[in-house]
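Chain by chain, the residues run as shown.
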Amino acid sequence: MPKLNMVQAINLALKEEMQRDKNVLLLGEDVGKDGGVFRVSEGLLEQFGPERIIDTPLAESGIVGAAIGMAVYGLRPVAEIQFMGFIYPALDQIFSHASRIRSRSRGRFTCPLVVRAPYGAGIKAPELHSESTEALFCHMPGIKVVVPSSPYNAKGLLLSSIRDPDPVIFLESTRLYRSIKEEVPEGEYSIPLGKARIVQEGKDVTLIAWGSMLQRALKAAEGIDADIIDLITLSPFDEEAIFKSVKKTGRVVIIHEAPKTCGFGAELSATIAEDAMLYLKAPIIRITGFDAVMPFSKLEDYYMPTAERIKKGIQEVMKY
Amino acid sequence: MVKNKKLIKTAVKKSVRLVRTQADSPRRATKKGINSIPAKTLKGLYETILRIRRFEEKIIEVYPAQDMKTPVHLCIGEEAIAAAVCIHLRKDDYIFSTHRSHGHSIAKGSDMKRMMAEFYGRKTGCSKGKGGSMHLCDPENGILGSTAIVGGGIPIAVGAGLASLMKGTDTVSVAFFGDGAMDEGTFHESMNFASLKKLPVIFLCENNFYATNSPQSARQPHDNIAMRAAGYGMPGVQVDGNDVVAVYEAAKEAVDRARAGGGPSLVECRTYRWKGHVGPDCDVEKGCRPRDEHEMWLKKCPVERTRKLLLENKIMSEKEMEKLLDNINKEMDEAVEFGRSSPFPDASELFDDVYYKG
């Protein structure tokens, strides 16, 4: 079985889905000849032609808007936004239209659309090129938010996202794009949306992470008897898996690279406090980025949660 | 994707010439145009215009009872445009509309009972009582669901156009918007992309010269919207939007061209809303618009003009018109009765259609 990095795994997923279903297409800035900023769509133009691999004008709202129109018409568009920070001009289309076409048409129209965007720090580019603002999308009913953490689950999750009848925001960590390789099978396998992945089982503490933070959580948990949950879908998130783990360990550390205030960790934390309070032995701790604009270069290292910071958090909850 | 390059080139050239010469005099109906439209079609246009007018007037009539709990954006004064555009469309052609969408829905064939029920927030409404007057949805008639975000529907119309090309169908999509949407970035993004890919899209601007209460002159450097088409290499035409035949001709040209693979067009229909931005009242009293301007436009009433046209050309008699009005009035009474007597949605429906439930 070939070992692939995440770029190759996503490329393979797109290729296989486009072969399987002629309604699947990719559109975005430079996705064709250039293969996208991170070369995720490399080679697809040659294979599928410019009618299905569409280079668009530099217009994020126009890209997502057009993709919505196509999705409603019965196609399965995948729209690529070059960086998560560039998605903001398209928020109007995502929030005001994509998320509510099903509701607005009372189920008679659907919007099976995937918006892919690289997210997070990792390539030492400032602010808008390193954003991790996934919580914005989780707040909006009607859309799903998926964040893969490895090449294997990136492929399986993208397959599920493309086939999903609702709009999906699919966030790909730039840090993970080429940093890890693993065996990725060819052909059909899909990973269901809304189900968390239990990466490691333990009894002392629950670590909840997603995307690139999973690697750091794993490192921090070395030598610790920890349950590690890779959320993979943030909206809707797998409450059941979280409660099951919390009831067992009684201690929770949530890790994300987004700023702390109103980050998705706040929602998880509140949900646990509401529904599993009596099982907790210690306060819930969040190890996150800071409430500052994503900094550049060396400061990025200070900003990002490190294995050491996560370890300290674990030690903190273990005091109880 | 480009099916007919010559068609596009000629149309653009023609439109640039046209727009230059008509800056202050939008295109009006020609005698030839009137003669070329079958009598049955003209009757149909009058019927739709009258139906829209009576629908809006019925809302004004019932609104004081305060049981219609939805903001309403009335299109009185603008009825000819919806009628004369939608008459060229098939059921499977998509329209994308705005907060001021009643006329478009009626002209595209929506059931008025279900529309009225929607305004009353009832379960039997076209959006199951969850949409109100601004989110009318009717998939069977190609109405995706109008939206209150100014300019928001335009890129979606472009996507539907692209999908129609990719699926090899000959459907077209029409984006209705007002002069306010010209201020939005989505207009530019959509015109650019649609022209680049020669998509079967009709950009239909109902220029009523106001965005809420801001006059076009306070928002845009000049008032000629059709002229902007030339910058995108797209045919653009400006017509008197209260002249049903002029709109009919311009829309026909644009729809035929789009269906034949000749790409998108911008059609600017100059018109005027008689009522305030929202609600059943006239805002002239509030000082929102000059009285003489309002009065000038009342004289250009699309219902009266169409009525006169049909009488003069002996297409309909006074008697036939009276009968038609009686029938339409009955329809309105039935629609209101249906709406008022329908049940409200259950609380359990709150979570329906947010996500796919299988």
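Since the model is a prediction, treat every value here as computed from it, not as a measurement. Within any chain, residue numbers begin from 1 and follow the written order of that chain's sequence. Here every chain gets a letter starting at A, and every ligand a number starting at 1, in the order they are written. Residue-level local features of this predicted model are given only where pLDDT is at least 70; pairs of side-chain atoms are given and counted only at 80 or more, and the full residue set underlies all totals for whole chains, interfaces and linings. Side-chain measures here rest on the full set of heavy atoms in the structure, leaving out hydrogens and waters.

Undergrad: What's the story with the overall build of chain B in this structure? I'm lost.
TA: Looking only at helices and strands, chain B features 13 helices and seven strands. Throughout, the radius of gyration refers to the C-alpha atoms, and the reference size of a globule is 2.2 Å times the residue count to the power 0.38. Its C-alpha radius of gyration of 20 Å places chain B within 12% of the 21 Å reference for a compact globule of 358 residues. Overall size of chain B, expressed as C-alpha extent along the three principal axes, is 55 × 55 × 40 Å. Out of the 358 residues belonging to chain B, those deemed buried represent 58%. Residue exposure ignores everything except the shown protein chains as possible cover, and the areas themselves are Shrake-Rupley values with a 1.4 Å probe. Total accessible area on chain B is roughly 14,600 Å²; 54% of this is exposed by carbon and sulfur atoms. Looking at charge distribution, chain B has the averaged site of its 54 positive side-chain charges lying 7 Å from that of its 47 negative ones. Strands are runs of DSSP state E lasting at least 2 residues, helices are runs of H or I lasting at least 4, and numbering of each runs from the N terminus. Categorising residues by exposure relies on relative accessible area from a 1.4 Å probe, with only protein chains included: less than 20% of the type maximum marks a residue as buried, more than 50% marks it as exposed, and the intermediate range marks it as partly exposed. Charged-residue counts in this description rest on Lys and Arg as positive and Asp and Glu as negative, His and the chain ends being excluded. Just so you know, the charge point we use is NZ for Lys, CZ for Arg, CG for Asp and CD for Glu.

Undergrad: Honestly, the overall build of chain A in this entry has me stumped. Any pointers?
TA: Helices and strands together make up the secondary structure of chain A, namely twelve helices and 14 strands. Here the C-alpha radius of gyration of chain A, 19 Å, is about what a compact globule of 320 residues would show, namely 20 Å. Counting only C-alpha atoms and orienting by the principal axes, one finds that chain A spans roughly 60 × 45 × 40 Å. When the 320 residues of chain A are sorted by exposure, 63% land in the buried category. In what follows, residue pairs with any heavy atoms lying within 4.5 Å of each other are defined as contacts. Sequence separation of at least 24 residues holds for 80% of the intrachain contacts in chain A that already meet a minimum separation of 6. Carbon together with sulfur atoms contributes 54% to the accessible area of chain A, which is approximately 11,800 Å² in total.

Undergrad: Honestly, the domain arrangement of chain A in this entry has me stumped. Any pointers?
TA: By convention, interface size is frequently given as the accessible area that disappears when the constituent parts associate. Residues and elements named next belong to chain A. As used throughout, domain bounds are those supplied by an automatic or database domain assignment. Domain assignment breaks chain A into domain 1 (3-183) and domain 2 (197-318). Taken together, the contact between domain 1 and domain 2 spans 27 residues of the former and 26 residues of the latter. Roughly 2,100 Å² is buried in total at the junction of domain 1 and domain 2, and carbon and sulfur atoms are behind 56% of that figure. For domain 1, the biggest contributors to the area lost against domain 2 are Lys124, Ser149 and Arg175; these three give 25% of the whole. For salt bridges, the criterion is a side-chain nitrogen of Lys or Arg within 4 Å of an Asp or Glu carboxyl oxygen. Counting across the domain 1 and domain 2 interface gives zero salt bridges. By the criterion applied in these results, polar contacts are pairs of N or O atoms within 3.5 Å in which, for protein atoms, one can donate a hydrogen and the other can accept it, and in which residues neighboring in sequence qualify only through two side-chain atoms. Linking domain 1 with domain 2 are ten residue pairs in polar contact (both at pLDDT 80 or more). Among the residues forming the side of domain 1 that touches domain 2, the class breakdown is 14 nonpolar, seven polar and six charged. Joining two parts hides part of their accessible area as seen by a 1.4 Å probe, and the buried area is that hidden amount summed over both. Under the convention adopted here, Pro, Cys and the residues Ala, Val, Leu, Ile, Met, Phe, Trp and Tyr are nonpolar, Asp, Glu, Lys and Arg are charged, and Gly plus all remaining residues are polar.

Undergrad: Even after reading the chapter, I still don't get the environment of Lys155(A), so can you show me in this structure?
TA: Residues and elements named next belong to chain A. Assignment of secondary structure puts lysine 155 in helix H7 (residues 151-163). Placed 149 residues apart in sequence, lysine 155 and methionine 6 show a C-alpha to C-alpha distance of 8.1 Å. Once you skip the residues sitting within four places of it in the chain, lysine 155 turns out to touch Ala9, Leu12, Ala13, Glu16, Val184, Pro185, Glu186, Gly187 and Tyr189. Within the local environment of lysine 155, its side chain forms a polar contact with the backbone oxygen of glycine 187, the two atoms lying 2.8 Å apart.

Undergrad: Quick question: what am I supposed to make of the sheet that holds strand S3 (residues 53-55) of chain A here?
TA: Sheet strands pair via backbone hydrogen bonds, and the direction of the pair is either parallel or antiparallel. Residue and element names in this part refer to chain A. Strand pairing is assigned whenever DSSP identifies at least 2 bridges connecting the two strands. Read across the sheet, seven strands follow the order S3-S2-S4-S5-S7-S6-S12 without closing on themselves; strand pairing throughout is mixed. Each edge of the open sheet carries a strand with a single partner, namely S3 and strand S12 (233-235). Sheet twist, expressed as the mean angle between neighbouring strand axes with direction ignored, is 20°. Sheet topology places strand S5 (residues 114-119) next to strand S7 (residues 168-173); six bridges connect them, and they run parallel. Paired with valine 115 across the bridge in S7 is isoleucine 169. Lines fitted to the C-alpha atoms define the axes, with helices restricted to the stretch that makes contact. Angles between their N-to-C directions range from 0 to 180 degrees.

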